[in-house]
Amino acid sequence: MQLLDGKLLSENIKAELAAEVALIRERNGKIPHLAAVLIGDNAASEVYVNSKIRSCEQIGFKSSLIRRPADTPENEVLDIVRRLNEDPDVDGFIVQLPLPKHIDEEKITLAIDHRKDVDGFHPINFGRMAQGMPAFLPATPYGIVEILRRYNIETSGKHCVVVGRSNIVGTPISILLSRKGYPGDCTVTLTHSRTRDLPAEVRRADIVVAAIGIPEFVKGDWIKEGAVVIDVGINRIPDASKKSGSRLVGDVDFDSVAPKCSHITPVPGGVGLMTVTALLMNTLKACKKQVYE
Ligand code: GUN
């Protein structure tokens, strides 16, 4: 069993991005600038946004954090989005989800200029991705395809079973892996809470993508010998043996699954770090106008 090391890959990709920034600086070009909007005080969102901002600093990108309290009216958030859309210095931006209940996430997502939508959440980017046109890929699926690519995992003709049908992971990764080319050309089964006999579906998989948001959901006896397992989950569970009283686990029961796999992503240290790195890759593309003129 080989670990698919998201930390190592992220470091390699960030070094590549930092080298690009150094070149841009030498030529007095435009430094990539990512802005993040954080509304409220969701603890997990705070960790993710801080990690995005810190990663920008590490590689020499410019970053801006726009923070507002949880009771910020929807109109004010829309105003922030409009300002960022119009700011020529900002190459790309994200509005961290989830938003407080009184704010309509769909409305906010639709208000973001798709040319700056480095999260790849806007339906224009989603539709373009689905048709194989240049698009900002959503960060987690983009991170997953980079893991497969950089570890030279064979995908053509493989049976991939995706567990979970969210708009930001399950649905887009099932599209990307079924598309022509590498990594892709898979036969994909997209499973979810209404799937009949989920373990039987997962047992047919050469590649499993677990993105259901339930701690240690996928068990070892669901896994075909030699399968590749991509664990997208980041769940905090109580653990009295830890000083913090808790630990992070994925959507895969690592101890029973790992011995059956040819490759598996650990949690932490797998897909999560690649998600942040994919956002940086999208921001560089936005700055270089590689997706849109
Ligand atoms: N919430 C959970 N994941 C994400 C993400 O990738 N982007 C944003 N904006 N919010 C999230």
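Anything mentioned here points back to the structure above.
A. A look at the pattern of salt bridges. Summed over all chains, the structure comprises 15 salt bridges. The closest approach of N and O atoms between E46 and R67, which form a salt bridge, is 3.1 Å. Taken together, the residues span a long stretch of sequence, with E46 in helix α2 (residues 43-59) and R67 in strand β3 (residues 62-68) at a distance of 21 residues. Between R115 and D113 there is a salt bridge whose closest N-O contact spans 2.8 Å. Salt bridges sharing partners connect three or more residues here, namely E16, E146, R149 and R150.

B. Looking closely at helix α1 (residues 6-26). Its 21 residues give α1 an end-to-end C-alpha distance of 30 Å, which sits within 8% of 30 Å, the value for a rise of 1.5 Å per residue. The complete set of buried residues in α1 reads G6, L9, S10, I13, K14, L17, V21 and I24. Looking straight down α1, one finds that the buried residues subtend no more than 125° of arc, so they occupy a single side. Each element contacted by the buried residues of α1 is listed here: α2, α6 (139-150) and α10 (271-287). The N-capping residue of α1, defined by a side-chain oxygen 3.0 Å from the backbone nitrogen of K7, is D5. Among the residues trailing α1, N28 stands out with phi positive, at a value near 55°.

Each value, and the rule that gives it
Position labels on residues start from 1 in each chain and follow its written sequence. Given that the model is predicted, a residue must reach a pLDDT of at least 70 before its local features are reported, and side-chain atom pairs must reach 80 or more before they are shown or counted; all residues, however, enter totals for whole chains, interfaces and linings. The basis for every side-chain value is the complete set of heavy atoms in the structure, and neither hydrogens nor water enter the calculation. Any carboxyl oxygen of Asp or Glu within 4 Å of a side-chain nitrogen of Lys or Arg constitutes a salt bridge here. Secondary structure follows DSSP: runs of H or I at least 4 residues long count as helices, runs of E at least 2 residues long count as strands, and numbering of each begins at the N terminus. By definition here, a helix of n residues has an expected span of 1.5 Å times n minus one. Only protein chains enter the accessibility calculation, which uses a 1.4 Å probe; a residue is then buried when its area is under 20% of its type maximum, exposed when over 50%, and partly exposed in between. This arc is built from the directions going out from the helix axis to the C-beta atoms. Contacts are assigned to residue pairs that have any heavy atoms within 4.5 Å of one another. Polar contact criterion, stated in full: a pair of N or O atoms within 3.5 Å, where within protein one must be able to donate a hydrogen and the other to accept it, and residues adjacent in sequence count only if both atoms are side-chain atoms.

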